[in-house]
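# A closer look at the structure
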Amino acid sequence: MTDLFNFPSIHNFPPFYTLQTQPTTRQTQITLWSEIILAYFMHHKLYRLELSESLNGELFNNKGINKRLKLGTLQCIIDAMVKQGTAEWDSQSKKNVFNSGMTNSILTVYEIAHGDVTEGLDFHGLDQTILLKSLDILVKRGLAQLFQGSSTEDMGVKFFGTNG
């Protein structure tokens, strides 16, 4: 198992597990949960969240204080993350693309997921379905272009600089 994640102190605050009714407090709660979820997933190199299955894990079930996030609360947090764009490929991954010299050159999907150029980057070895979804997001944002290949792994990807 990988090393332990260091949860922030708010993770041990019992009211944090109950969806707050006051709008400002709720927004702060959702922001904090979003930051914890993203940090946890980055730390453990996780890319998918199965809502109902994850409720029993350490991220959403704090056995030390006997508190667990409810499914509806988690769904509210994830919906907010999707709406804000933070549930998608994180900005660190985009920075890795632009800082690693991959801009303005064409790579295959296979090279991105398994090639030497991505060794050590957080998307190296990424599940192909997640990688394609991430690439689609970058295409929609004008940061990449996809080129048809004979197979999914042979598809070409060109990353543009941050200004397109």
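Residues numbered from 1 in each chain as written. Predicted model: local features only at pLDDT ≥ 70, side-chain atom pairs only at ≥ 80, totals over all residues. Heavy atoms only, no water.

Although it is not a glycine, Asn-66 adopts a positive phi angle of roughly 60 degrees. Locating Asn-66 in the fold gives a position in the loop between strand S1 (61–62) and strand S2 (67–68). In this structure Asn-66 comes out as exposed when scored by relative accessible area, which is 69%. (Helix = DSSP H or I, 4+ residues; strand = E, 2+ residues; numbered from the N terminus. Buried < 20%, exposed > 50% of the residue type's maximum accessible area, 1.4 Å probe, protein only.)

Our focus in this paragraph is the nonpolar core. Counting residues in hydrophobic clusters, the biggest one holds 19 residues, and the most contacted among them are Trp-33, Ile-37, Leu-59, Phe-60, Leu-69, Leu-74 and Ile-77. For this core, the secondary-structure elements that each account for two or more residues are helix H1 (23–44) and helix H3 (71–84). Discounting chain neighbours no more than four positions away, the residues touching Trp-33 are His-11, Phe-16, Tyr-17, Leu-59, Phe-60, Leu-69 and Ile-77. If you look at the next biggest cluster of nonpolar residues, it comprises 17 residues, including Ala-113, Leu-121, Ile-130 and Phe-159. (Core = buried A, V, L, I, M, F, W, Y, C linked by side-chain atoms within 4.5 Å. Contact = heavy atoms within 4.5 Å.)

Looking now at the environment of Arg-68. Tracing the chain through its elements places Arg-68 in strand S2. Using a relative accessible area of 42% as the deciding quantity, one classes Arg-68 as partly exposed. Along the chain, Arg-68 and Phe-16 lie 52 residues apart, while their C-alpha atoms are 9.6 Å from each other. Those residues within four positions of Arg-68 in sequence are excluded, and the remaining contacts are Tyr-17, Leu-55, Asn-56, Phe-60 and Asn-61. There is a polar contact of 2.2 Å between the side chain of Arg-68 and the side chain of Asn-56. (Polar contact = N/O pair within 3.5 Å; in protein donor to acceptor, adjacent residues only side chain to side chain.)

Right, let's talk about the packing of aromatic side chains for a bit. All told, the structure shown has eight aromatic pairs when counted by the stated rule. Centroid distance Phe-7 to Tyr-40: 5.8 Å. Interplanar angle 25 degrees. Geometry classified as stacked. In this pair, Phe-7 is assigned in the segment before H1 and Tyr-40 in helix H1, connecting sequence segments 33 residues apart. Residue classification places Tyr-40 among the buried residues on the basis of a relative accessible area of 11%. (Phe/Tyr/Trp six-rings, centres within 6.5 Å; stacked < 30°, edge-to-face > 60°.)

A few words on the pattern of salt bridges. Where charged atoms from two side chains of opposite charge approach closely, those side chains can pair. Applying the stated criterion to the full structure yields one salt bridge. Of the charged contacts, one joins Lys-140 and Asp-136 as a salt bridge, the two residues approaching to 3.2 Å between their closest N and O atoms. Taken together, the positions of Lys-140 and Asp-136, both in helix H6 (residues 128–140) and four residues apart, correspond to about one turn of that helix. For Lys-140, a relative accessible area of 67% corresponds to the exposed category. (Salt bridge = Lys/Arg side-chain N within 4 Å of Asp/Glu carboxyl O.)

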